[in-house]
Amino acid sequence: AQAFREGLSVDDIAAVTFYDPWFLRQIEEIIAAEKSIGIDGLPRDAAGLRRLKAMGFSDKRLATLAVRSVGVA
């Protein structure tokens, strides 16, 4: 996940780790959701929150990301 946060691509990571690109794309999607929460905050509807929970986000992680999106330390 950190490699995606640092800007590496699926191909870059797969070449080094030999992880399946399908698996890496799933992680990339989670990191993209983190970035979206950091920019836009949490979804305002239940369906959006359920989507994030289905991706594996814990309540604690969502709270941490949401706090960062509003600039609270």
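Everything that follows concerns the structure shown earlier in this document.
Attention here is on the structure that accompanies the text. Predicted model only: the values in this text are computed from it and were never measured.

### Looking at the pattern of salt bridges
Where side chains of opposite charge bring their charged atoms close, a pairing between them can arise. Under the definition given, this model contains three salt bridges. Between Glu 34 and Arg 61 there is a salt bridge, with the nearest N and O atoms lying 3.0 Å from each other. A residue pair is termed long-range when its members are at least 10 positions apart, and Glu 34 in helix H3 (residues 21-40) and Arg 61 in helix H5 (residues 59-70) qualify at 27 residues. Judged by relative accessible area, Glu 34 falls into the buried class, the value being 11%. Overall, Arg 61 belongs to the partly exposed group, its relative accessible area being 25%. Among the ionic pairs, Asp 59 bridges to Lys 53, the shortest N-O distance being 2.8 Å. By relative accessible area, which is 55% here, Asp 59 ends up exposed.

### Quick word on H3
Its 20 residues give H3 an end-to-end C-alpha distance of 28 Å, which sits within 8% of 28 Å, the value for a rise of 1.5 Å per residue. Considered for burial, the residues of H3 that qualify are Leu 24, Ile 27, Ile 31, Ala 33, Glu 34 and Ile 37. Looking at the packing, one finds that the buried side of H3 touches helix H1 (2-5), helix H2 (10-17), helix H4 (46-54) and H5. Where H3 begins, the capping side chain belongs to Asp 20, and its oxygen is found 2.6 Å from the backbone nitrogen of Trp 22. Gly 41 lies just past H3 and shows a positive phi near 80°.

How each quantity is defined
- Residues numbered from 1 in each chain as written.
- Predicted model: local features only at pLDDT ≥ 70, side-chain atom pairs only at ≥ 80, totals over all residues.
- Heavy atoms only, no water.
- Salt bridge = Lys/Arg side-chain N within 4 Å of Asp/Glu carboxyl O.
- Helix = DSSP H or I, 4+ residues; strand = E, 2+ residues; numbered from the N terminus.
- Buried < 20%, exposed > 50% of the residue type's maximum accessible area, 1.4 Å probe, protein only.
- Expected span 1.5 Å × (residues − 1).
- Contact = heavy atoms within 4.5 Å.
- Polar contact = N/O pair within 3.5 Å; in protein donor to acceptor, adjacent residues only side chain to side chain.

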